[in-house]
Amino acid sequence: MNKVVNYAKQELDKYLEILGVSAEIELHLFDEIGLKADVKNPELDDAIAIKVTNKKGYIAGINPRSVLIGVYRLLESWGIVWLRPGKDGTYIPPVADTKDIDIFEIATKRHRTMCIEGAVSLENVLDMIEWLPKLGYNGYYIQFEDAYTFFDRWYTHLRSTIKEPEHFDHDMARKFVEIIEKSVKDRGLLLMRMGHGWTCNPFGLETSGWYTLKDDEIPQSYKDICALVNGKREVWLNQPLSTQLCYSNPYVQKTMVDAVVNYAKSHPQTDVIHFWLGDYFNNTCECPECTKYRFSDYQTIMVNQITTRFKEENIKAQVVFSTGYNKAHPPIHEHVKHPDLTIMQFAPITRTYAKPFPSEYTIKEIGEYELNQYKLPHSVEELLAYLYNWKKQYTGDTVAFEYHLMWDHLMEASGEGMARVLYEDVRNFDNLGINNFISCQLQRNTFPTSIAMTVLGKTLWNSNVDFEEIRKHVYIASFGEENYAKMCDYFGVIAKAFYLGNMRSHDPSPKEDFKAYLKDAVKNMEEMIPEAKLNSDNEADACRKNCWLLVYHHARIYTLLAKAIIKHLDGCKEASETLRYASIQTAWECEDDIQQAFDCYFYEEVTRLRMNLDGVRSIADH
């Protein structure tokens, strides 16, 4: 038996025993029982068939990974709810509903991938990987060579006012990545690697994060190949990861292409390799050769060299190349030669998450290409215009590399507001020609509930799923049917108060209205604090006990933040800052209770640096 199918059998047997159910269910691949599915690539696309009557029947998948997804789908149909990764994250019903099931489904999106980010322990990542196929996700993306920066934040307890730093080093990070890769492949999930680093590591300048170096730490040989900007070749902001190189230089091209090809050969377990250039923008090389073509032309030249080598050397991995920033304007001299081996990445990092993407391209014209004069668009319509122009010439797959659950969800507070934007985005992506999704997000991301990650996983699997049904599914499992309506109302009040249009000034409300919403949320959260604590203390079920505990701590943290914002709107800046830091400190103090669900490191960063309330309008202005 295939090792992934064997793992799926172990999982089925384990959970049937937990449910106290005796069933006769066989596991098969489609080919074994003559099933077909209309998909382009059976190794990349997922499809399941479940036919069970009177607890007898089969679960089948078009590939081994799909079999595992099908197992979890059956178990969920019988009452289990996969609420969040980690300990006490699974709701087990007192009595299983062993109803008959007859379904055949093909996943709406091909790549449904989780990307490592945030401050994480090894256990956090392994818990996430275990959870992914339960929600229908099918891939994991490890950024950088060793993902050091993400682990370093946690183990050194960066910014924590409570915990002392632990030792962590690159050898530990490399061992962690080996364990993570095995966990991914044990489940048959698709593995993505790299992205950051190609502009540094091949030239002997190792980098594993957004670190600033001293000038004497950067060799002259590296400075000599950096982009010429304003008459100087230098490391941009002394941060190698932000730096562009002189991409017309044959030595630069060959070194980077060779590095990608060699990486693919030495990491055959990698299904998709991200080939990214420098992170920053308006730092394109201005030398005579580089200015002959657009920035995106030189990227395309290297992508074509890489994929040609892949074909020649029978390397099966796909290559992701990114658009946006300096590459927002599509190439005019070069075109991607091997779309079957590439995926075009649309990463609208500057967008507002106050509203979803439209279901069509409402703006199709973009401005003229001007070297190092790119202006950051914030509207979703403007960002899509650049994608539209790229897609006029690129015929391969497109992936949305998105940040819904990276920063802004920490300000949105309820989870519901971001879940609704995610739901509409994924559904609208169908009409925009985006058939893959990578969620670049914090791994500890189910605070106060898992509504956003659950909505994302289920909508990526089936874009016709009903939002309200998902919400009901999550809230009843988390808090009991008797509390479903109450918790819908509760989170609705919080969503209105922490609306991102106000928090980020993307779509501001009148100031007095905003204050009224916040005061309503404060009242509701202050009432919830003792109730949630009592429910957690008295709840016998471990999963629901944990759910109520998270609501309790969430209310404590965000009550203080709401009060801080009210003080800010009243012009009481000192009192506002005191309350803001009290909210952050409360999060650090209860971190042991919420570690699996909430990233305190990023909460501090977001509440200190990313909230922008200055666009809130006065009643008179409105």
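Owing to the predicted nature of the structure, the values given are computational and were not obtained by experimental measurement.

### Let's talk about helix α11 (residues 416-432)
The first and last C-alpha atoms of α11 sit 24 Å apart over 17 residues, in line with the 24 Å expected at 1.5 Å per residue. All of the buried residues along α11 are Glu 416, Met 418, Ala 419, Val 421, Leu 422, Tyr 423, Asp 425, Val 426, Asn 428, Phe 429 and Leu 432.

### Regarding the pairing of strand β13 (residues 318-322)
Of all five residues in β13, five are buried, a share of seventy percent or more. On β13, burial covers both faces: Gln 318, Val 320 and Ser 322 on one face and Val 319 and Phe 321 on the other are all buried. At this point the chain moves from strand β12 (residues 272-275), through helix α8 (residues 295-312), to the parallel β13, and the crossover so formed is right-handed. Bridge analysis of β13 against strand β14 (residues 342-346) gives four bridges, and the strand direction is parallel. Looking at β14, one finds that Val 320 is bridged to Ile 343.

### Concerning the sheet that holds strand β2 (residues 47-53)
A sheet is described by the order of its strands in space; here four strands give the open sequence β1-β3-β2-β6, paired in mixed fashion. Either end of the sheet is taken by a strand with one partner, and the two such strands are β1 (24-29) and β6 (101-106). Within this sheet the neighbouring strands show an average axis-to-axis angle of 10°, counted without direction. Where β2 meets β6, six bridges bridge the pair, whose relative direction is antiparallel. If you follow Ile 48 over to β6, its bridge partner there is Glu 105. Where helix α2 (residues 64-77) meets the sheet, its contacts fall on β1, β2, β3 (56-61) and β6, and the angle it forms with β2 comes to roughly 45°.

### Describing the packing of helix α18 (residues 573-589) against helix α20 (residues 600-609)
Viewed as axis vectors pointing N to C, α18 and α20 meet at an angle of 175°, and their least axial separation amounts to 9 Å. As summarised for this structure, α18 and α20 are arranged roughly antiparallel, according to the angle between their axes. Counted together, Arg 580, Tyr 581, Ser 583, Ile 584, Ala 587 and Trp 588 of α18 and Cys 600, Tyr 601, Tyr 603, Glu 604, Thr 607 and Arg 608 of α20 form the full contact between these two elements. Of the residues in the contact of α18 with α20, the class split is seven nonpolar, two polar and three charged.

### Details of the pattern of salt bridges
Counted by the stated rule, this structure contains 42 salt bridges. The partner of Lys 254 in a salt bridge is Asp 258, and the shortest N-O contact between them spans 2.6 Å. Of the two residues, Lys 254 and Asp 258 both sit in helix α7 (residues 250-266), four residues apart, roughly one turn of that helix. According to the relative accessible area criterion, Lys 254 is exposed, its value standing at 53%. The salt bridge involving Arg 444 is made with Asp 599; its shortest N-O contact spans 3.4 Å. With Arg 444 in the loop between β16 (436-440) and α12 (451-461) and Asp 599 in the loop between α19 (591-594) and α20, this pair connects stretches of sequence that are 155 residues apart. Residues participating in the shared-partner salt-bridge network are Lys 254, Asp 258, Lys 265, Arg 309 and Glu 313.

### As for unusual backbone geometry
With omega at 10°, the peptide bond leading from Phe 447 into Pro 448 counts as cis. Along the chain, Pro 448 turns up in the loop between β16 and α12. The phi torsion at Ala 147 lies on the positive side, around 55°, for a residue other than glycine. Despite not being glycine, Asn 238 shows a phi value in the positive range, around 60°.

### What about the environment of Asp 38?
With respect to the helices, strands and loops of the structure, Asp 38 is situated in the loop between β1 and β2. A C-alpha to C-alpha distance of 8.2 Å links Asp 38 and Ile 106, two positions 68 residues apart in sequence.

### Notes on the side chain of Asp 397
Along the chain, the position of Asp 397 falls in strand β15 (residues 397-402). A distance of 3.2 Å separates polar atoms of two side chains, one belonging to Asp 397 and the other to Asn 435. Leaving out residues up to four positions away in the same chain, Asp 397 has contacts with Arg 110, Thr 342, Ile 343, Met 344, Asn 435 and Asn 436.

### Section: the pairing of β16
Summarising burial for β16: five of the five residues are buried, a large majority. Neither face of β16 is open: one carries Asn 436, Ile 438 and Cys 440, the other Phe 437 and Ser 439, and all of them are buried. Bridge count between strand β7 (residues 112-115) and β16: four bridges; the pairing is parallel. For Thr 113, the partnering residue across the bridge sits in β16 and is Ile 438. Sheet analysis places β15 next to β16, joined by four bridges and oriented parallel. If you follow Phe 401 over to β16, its bridge partner there is Ile 438.

Rules used in this analysis
- Note that residues are indexed from 1 along each chain, following the sequence as it is written.
- For this predicted model, a pLDDT threshold of at least 70 governs which residues receive local features, and a threshold of 80 or more governs which side-chain atom pairs are given and counted, while totals over whole chains, interfaces and linings are taken from all residues.
- With hydrogens and water excluded, all non-hydrogen atoms of the structure serve as input to the side-chain values.
- Note on conventions: DSSP H or I runs of at least 4 residues are helices, E runs of at least 2 residues are strands, and numbering of each starts at the N terminus.
- Here the expected length of a helix is defined as 1.5 Å per residue gap, with one fewer gap than residues.
- Partly exposed residues are those whose accessible area sits between 20% and 50% of the maximum for their type, while under 20% is buried and over 50% is exposed, using a 1.4 Å probe and protein chains only.
- Handedness is read with the strands pointing away from the viewer; a crossover is right-handed when the path from the first strand over the helix to the second is clockwise.
- Any two strands with at least two DSSP bridges between them are considered paired.
- A fitted line through C-alpha atoms serves as each axis, taken over the contacting stretch for helices, and the angle formed by two N-to-C directions is quoted from 0 to 180°.
- Only heavy atoms enter the contact rule, under which two residues are in contact if any of them lie within 4.5 Å.
- Working definition: roughly parallel below 35 degrees, roughly antiparallel above 145 degrees, roughly perpendicular at 65 to 115 degrees, and oblique for all remaining angles.
- Charged residues are taken to be Asp, Glu, Lys and Arg, nonpolar residues to be Ala, Val, Leu, Ile, Met, Phe, Trp, Tyr, Cys and Pro, and polar residues to be all remaining types, Gly included.
- Salt bridge, as applied in this entry: a Lys or Arg side-chain nitrogen positioned within 4 Å of an Asp or Glu carboxyl oxygen.
- Within 3.5 Å is the distance limit for a polar contact, defined as a pair of N or O atoms, with the added protein rule that one can donate a hydrogen and the other accept it, and that residues adjacent in sequence qualify only through two side-chain atoms.

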